[in-house]
Amino acid sequence: SKGRSDLIQYDLGNKKSKVSKIGNEVDSIDTIQSIGNLLFLRVTKKNEHSMGLVKYDMDSDKYEFFNYDNADDMLMDFDVKGDYLVSVKYSNKEMQNSLEEFNMNKSEDKVYNTPPHTITVYNIYSGDKIYEKVIDEMVGAVTINNKGNKIAYIHSNSSEHQEAIDYIMQAYQISTEEVCSP
């Protein structure tokens, strides 16, 4: 299908495939992870520029948008393990404003200021928020352990003044953090 992504299920036993209903509400799907029969997909809703999550049950062929109710949210990354999902988001509007400010600044020592990134841990069944942390740096990737009590994330330190190219190419640092036991 032109201009959008479809989720295709293929049954290895009977060698039949079917297109899921999710394609009716999303323009693109670019990442997929699973826990049992549940799929978690990073998607872009139709006619929106934000990215968020869809939870899809392969057995029932039902889906729901998973904590994706803000058209300004940009889902950078997510990971699903055990009963938990960890995600990192930022405001698309704030990112665009930061980029405009950076591009308009003619100073030689200009620095790109990334908007805050929010790391959140959810229960995958209830959708309840278990933990949240706002970080004033770019977070490129995030993961969670099977018990849901530790996360690790990759972030870049933007506090050093440097040219934009150096900032983007800067080696990422890995941080680990304990999360309160759910």
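Computed from a predicted structure; not experimentally measured.

Asks: Before we move on, can you summarise the environment of N145 with the specific residues and values?
Replies: Mapping N145 onto the fold places it in the loop between β11 (138-144) and β12 (150-156). For N145, a relative accessible area of 23% corresponds to the partly exposed category. Placed 65 residues apart in sequence, N145 and V80 show a C-alpha to C-alpha distance of 8.8 Å. Among the polar contacts made by the side chain of N145, one reaches the side chain of N149 at a distance of 2.6 Å.

Asks: Which residues make up the pairing of strand β1 (residues 8-11), and what are the values?
Replies: Pairing of β1 with strand β2 (residues 16-19) involves four bridges; the strand directions are antiparallel. Residue pairing in the sheet places D11 in a bridge with K16 of β2. The hairpin turn running from β1 into β2, its antiparallel successor, is four residues long, and K15 in that turn takes a positive phi close to 60 degrees.

Asks: Please provide a residue-by-residue account of the pattern of salt bridges, values included.
Replies: In a structure, side chains of opposite charge can pair up when their charged atoms sit close to one another. As enumerated under the stated definition, the model contains six salt bridges in all. Two residues, D27 and K46, come together in a salt bridge whose shortest N-O distance is 3.7 Å. Residue D27 is found in strand β3 (residues 26-35), and its partner K46 is found in the loop between β4 (38-45) and β5 (52-57); the two are separated by 19 residues along the sequence.

Asks: Would you mind going over the packing of aromatic side chains in detail, with residue names and values included?
Replies: Tallying each qualifying case throughout the model produces four aromatic pairs. For the pair F65 and Y68, a centre-to-centre distance of 5.8 Å together with 70 degrees between the ring planes defines the contact as edge-to-face. When its relative accessible area of 23% is taken as the criterion, F65 is described as partly exposed. Taken together, F40, F66 and Y122 form an aromatic cluster joined through their ring pairs. Note that K45 overlies the ring of F65, its terminal NZ or CZ placed 4.7 Å from the centroid. Across the ring face of Y68, the terminal group of K45 is positioned such that the distance to the ring centre comes to 4.6 Å.

Asks: Kindly report on the environment of P116, identifying the contributing residues and their values.
Replies: With respect to the helices and strands, the residue P116 is situated in the loop between α1 (92-104) and β9 (117-123). Its relative accessible area of 31% is what places P116 among the partly exposed residues. Taking the C-alpha atoms as reference points, P116 and E94, separated by 22 residues in sequence, lie 8.6 Å from one another.

Criteria and thresholds
- Residues numbered from 1 in each chain as written.
- Predicted model: local features only at pLDDT ≥ 70, side-chain atom pairs only at ≥ 80, totals over all residues.
- Heavy atoms only, no water.
- Helix = DSSP H or I, 4+ residues; strand = E, 2+ residues; numbered from the N terminus.
- Buried < 20%, exposed > 50% of the residue type's maximum accessible area, 1.4 Å probe, protein only.
- Polar contact = N/O pair within 3.5 Å; in protein donor to acceptor, adjacent residues only side chain to side chain.
- Pairing = 2+ DSSP bridges.
- Salt bridge = Lys/Arg side-chain N within 4 Å of Asp/Glu carboxyl O.
- Phe/Tyr/Trp six-rings, centres within 6.5 Å; stacked < 30°, edge-to-face > 60°.
- Lys NZ or Arg CZ within 6 Å of the ring centre and 35° of its normal.

Any functional reading would require information that these geometric values do not contain.
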